Amino acid sequence: MGYVGPRTDDKALEVIMEGLGRLEYRGYDSAGVAVVAGALVETRKRSGKLSNLRSALQEAPLPQTATAIGHTRWATHGGPTDANAHPHRGGADGKLAIVHNGIIENFHGLRQSLLARGVRFTSETDTEVVAHLLSEAFTATGDLTQAIREVVASLDGAFTVLALHADQPHVLVGARRNSPLVVGLGEGENFLGSDVAAFIGYTRQALELGQDQIVTITPETYEIINFDGTPSQGKAYEVTWDAAEAEKGGYATFMEKEIHDQPHAVADTLRGRTDVDGNLALDELHISEDELKVVTKVVIVACGTAAYAGMVAKYAIERWARIPVEVELAHEFRYRDPVIDAHTLVVSISQSGETMDTLMAVRHAKELGSRTISICNTHGSTIPRESDAVLYTHAGPEIAVASTKAFLAQITASYILGLYLARLRGEQTDTAAVMGELKEIPAKIEKLLGTMDRVREIAYFMADSRAVLFLGRHVGFPVAMEGALKLKELAYIHAEGFAAGELKHGPIALIEPGQPVFIIVPSPDSEHGLHGKVVSNIQEIRARGARTLVIAEEGDTDVEPFADEVIRVPRTLPLLAPLLTVVPLQVFALHLSTAKGLDVDQPRNLAKSVTVE
Ligand code: M6R
């Protein structure tokens, strides 16, 4: 993040540290700040969490000034050391510093050229190359904006770069390509950040930058140009949430708070989706209904938890709209020469809207002529901006690295899309009944959350588990995989989610006495006797010694003889069950991580937005 404040003021460092606190979820293996201090730029950087940087600043305070940049890092090039932490200085005169997100793909060649010119490097990062190039360009031009424009022309890859120079002490410059950057507009002060969380404590007035653009801010002004130098204008918008929503609100962790936000996330995502005639309404739909009517295939692209939301969506969209749906991990889709065309609707799902793998898949789909819809939680982020249409989820800011409320909101939005497509295609789906039941879901989640004491006890009891299995069938299958992912990322326990029907084709060999297995049981109302088939699976693994932890609907007594534990969820339509059955699995992972004394919100090796491929 970057800040430039009133010339008479000296709160830059305070603003940056507060902003970094809100951005730390994006990367937390090292952090640093740089300030303009008289004729020079000074920096402090530390590996580890932001608290290490705070201690470093207490031990060796920086001069207070009006202009500063800061960074929290998720290492790509060079390990998470003090030396590799950002900001990085450029040139030998100590006047310039930059911070950078993304990867400079041609950094090696650029570094060799700089070394040949006698430049000395102090880190292993790709970023330092940019800092030195920028310093050389500033020496030639005397202007930071002009210098950055020259430098970006020589860079390949994805980047957001922010730079300051002591010779222009009240100027900050930012440039972006394939990596997020937003401007915060204050009164006599302006901000730059990877996302609006950076400055939400100060202003809700934001400005979106387009692809390949440079922004120059001073305390009173901002100016945007394209990389080719032509002037441009950002798109102004008001952030719809405030700083309080990005706080823990009395909970011990963001994840716990976000699990409890879920009733609101679902209700807010549903709100306003039907017009006076009862028709479903989508946001920012730039695809005509005629175009959507002739769609012959839907392809959903996403990563991680969002991809599991996509798998749930497949069951619902195929059932209601009778269109074939494929779900694919975005990074696999992009590089396997997919067979799609103008009659394919590619639906991306992303909380952040900045996941590079998903963005690349969307771009590829557009190149092949497909229409693209984004289901996204972050207003103005890159993926919705580059898609033909957007269906925003309204989960509010999700700070914990483990996705929870965004998942429920993504599933909710997918249902809305499925119902919308069904109506367009004239399918006889009882939209009113589904929407009616969806509106009941927030209260049911609320009720379910009030019954989680036993899940917490089970988690503490199982803190020493070495492996946990999850079984599900139909829409319970993606829920099983999501339950396993939550446990892997939060508690560092080996966990696998399987389709229950697949058990006898291999995974049952893993069952040995005492092996804990969660089973997500379909509703007794499910078609095709699915409920009975899963109850049989429970008996099969119990007979081989498994410890069975059964998630079943209220009133489902069939499971009781074979369950070591029964976790009850309220009744709902079988296709909507994931909105409830996943909740105990989230709560379980949260408490098991806590029981092991781990960092729930910032698990090791991860970052919230994965903005590199
Ligand atoms: O921002 P996105 O929804 O595109 O992120 C996708 C995944 O990186 C994300 O869901 C990840 O799997 C979470 N850490 C899971 O909890």
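See above for the structure.
Residues numbered from 1 in each chain as written. Predicted model: local features only at pLDDT ≥ 70, side-chain atom pairs only at ≥ 80, totals over all residues. Heavy atoms only, no water.

Draft legend 1. Just unusual backbone geometry, in detail. Residue histidine 86 is joined to proline 87 through a cis peptide bond whose omega torsion reads 0°. Residue asparagine 605 is not a glycine yet carries a positive backbone phi of 65°.

Draft legend 2. Just the sheet that holds strand β18 (residues 344-350), in detail. What the five strands build is an open sheet, ordered β17-β16-β18-β19-β20; its pairing is parallel. Both outer strands of the open sheet, β17 (325-329) and β20 (389-392), are each paired with one neighbouring strand and no more. For this sheet, the mean inter-axis angle between neighbouring strands, taken without regard to orientation, is 20°. Across five bridges, strand β16 (residues 297-302) lies against β18 in parallel orientation. By the bridge assignment, isoleucine 300 is partnered in β18 with valine 347. Against the sheet, helix α9 (residues 304-321) touches β16, β17 and β18, its axis set at about 175° to β17. (Pairing = 2+ DSSP bridges. Helix = DSSP H or I, 4+ residues; strand = E, 2+ residues; numbered from the N terminus. Axes fitted to C-alpha atoms, helices over the stretch in contact; angles between N-to-C directions. Contact = heavy atoms within 4.5 Å.)

Draft legend 3. Spotlight on the pairing of strand β6 (residues 96-104). Extensive coverage of β6 is indicated by the burial of nine of its nine residues. Joining the antiparallel neighbours strand β5 (residues 88-90) and β6 is a turn of five residues, in which glycine 91 adopts a positive phi near 75°. Examined bridge by bridge, β6 and strand β7 (residues 157-165) share nine bridges and lie antiparallel to one another. Residue asparagine 101 lies in a different strand from β7, and its bridge partner there is threonine 160. (Buried < 20%, exposed > 50% of the residue type's maximum accessible area, 1.4 Å probe, protein only.)

Draft legend 4. Representation of the sheet that holds strand β4 (residues 67-73) in the model. Here eight strands make up an open sheet; going across it, the order is β3-β2-β4-β1-β10-β9-β11-β15 and the pairing antiparallel. The sheet is open, and its two borders are formed by β3 (40-47) and β15 (235-238), each paired with just one other strand. Within the sheet, the average angular offset between the axes of one strand and its neighbour, ignoring direction, is 20°. As paired elements, strand β2 (residues 30-37) and β3 share eight bridges and run antiparallel to each other.

Draft legend 5. Here's a closer look at the site of the ligand. In the vicinity of the ligand, 13 residues are found, and the nearest of them are Ser350, Gln351, Ser352, Thr355 and Glu489. Taking serine 352, its side chain carries an N or O atom lying 2.7 Å from an oxygen atom of the ligand. A distance of 2.5 Å is found between an oxygen atom of the ligand and a side-chain nitrogen or oxygen belonging to threonine 355. Starting from 420 Å² of accessible surface for the ligand in isolation, the protein chains cover 90%. At the level of secondary structure, the elements contributing two or more residues to the shell around the ligand comprise α9 and α16 (476-491). When residues in the shell around the ligand are grouped by element, the largest group, three residues, is from α9. Of the residues belonging to the shell around the ligand, the class tally is four nonpolar, seven polar and two charged. (Near = heavy atom within 4 Å. Polar contact = N/O pair within 3.5 Å; in protein donor to acceptor, adjacent residues only side chain to side chain. Areas by Shrake-Rupley, 256 points an atom, 1.4 Å probe, with all protein chains shown as cover. Nonpolar A, V, L, I, M, F, W, Y, C, P; charged D, E, K, R; others polar.)

Draft legend 6. How the structure looks around the environment of asparagine 279. Tracing the chain through its elements places asparagine 279 in the loop between α7 (262-270) and α8 (289-293). Separated by 168 residues in the primary sequence, asparagine 279 and lysine 447 place their C-alpha atoms 30 Å from one another.

Draft legend 7. Broad picture of the packing of helix α14 (residues 431-449) against helix α18 (residues 578-595). Remark: α14 packs on α18, axes separated minimally by 10 Å, with the N-to-C direction vectors making an angle of 25°. Taken together, α14 and α18 sit at an angle that is classed as roughly parallel. Taken as a pair, α14 and α18 cross one another with a handedness that is right-handed. From α14, Leu438, Ile441, Lys444, Ile445, Leu448 and Leu449 reach across to α18, where they touch Leu579, Leu580, Val583, Pro584 and Val587. Across the contact of α14 with α18, the residue classes tally to 10 nonpolar, no polar and one charged. (Parallel < 35°, antiparallel > 145°, perpendicular 65-115°, else oblique. Left-handed = near helix turned anticlockwise from the far one by under 90°.)

Draft legend 8. Main features of the side chain of aspartate 29. Tracing the chain through its elements places aspartate 29 in the loop between α1 (12-23) and β2. Buried within the structure, aspartate 29 lacks any salt-bridge partner; its nearest side chain of opposite charge belongs to arginine 73, at an N-O separation of 4.6 Å. A distance of 3.2 Å separates a polar atom in the side chain of aspartate 29 from a polar atom in the side chain of serine 30. In this structure the side chain of aspartate 29 is engaged in a polar contact, spanning 2.7 Å, whose partner is the backbone nitrogen of alanine 75. Once you skip the residues sitting within four places of it in the chain, aspartate 29 turns out to touch Ser47, Gly48, Arg73, Trp74, Ala75 and Pro80. (Lys, Arg positive; Asp, Glu negative; His and termini not counted. Salt bridge = Lys/Arg side-chain N within 4 Å of Asp/Glu carboxyl O.)

Draft legend 9. Inspection of the packing of aromatic side chains at higher detail. Here the structure, examined in full by the defined rule, presents seven aromatic pairs. With centroids separated by 5.7 Å and ring planes inclined at 40°, the aromatic side chains of phenylalanine 191 and phenylalanine 199 adopt a geometry described as tilted. Using a relative accessible area of 0% as the deciding quantity, one classes phenylalanine 199 as buried. Chaining the aromatic ring pairs together yields one cluster made of Tyr3, Phe191, Phe199 and Tyr202. The ring of phenylalanine 121 has arginine 111 sitting right over it, with the charged end atom 4.3 Å from the ring centre. Stacked on the ring of tyrosine 492, the Lys or Arg arginine 604 has its end atom at 3.9 Å from the ring centre. (Phe/Tyr/Trp six-rings, centres within 6.5 Å; stacked < 30°, edge-to-face > 60°. Lys NZ or Arg CZ within 6 Å of the ring centre and 35° of its normal.)

Draft legend 10. Geometry of the pattern of salt bridges. As enumerated under the stated definition, the model contains 33 salt bridges in all. The salt bridge involving glutamate 208 is made with arginine 385; its shortest N-O contact spans 3.5 Å. Of this pair, glutamate 208 sits in strand β11 (residues 205-208) while arginine 385 sits in helix α12 (residues 382-386); the two residues are 177 residues apart in sequence, bridging distant segments of the chain. Among the salt bridges present, the one from glutamate 398 reaches lysine 608, with a minimum N-O distance of 2.6 Å. In this pair, glutamate 398 is assigned in the loop between β20 and α13 (405-424) and lysine 608 in the segment after α18, connecting sequence segments 210 residues apart. Taken as a pair, glutamate 398 and lysine 608 share a single burial class, namely buried. In the salt-bridge network here, residues are joined through shared partners; they are Arg454, Glu457, Arg547 and Glu565.

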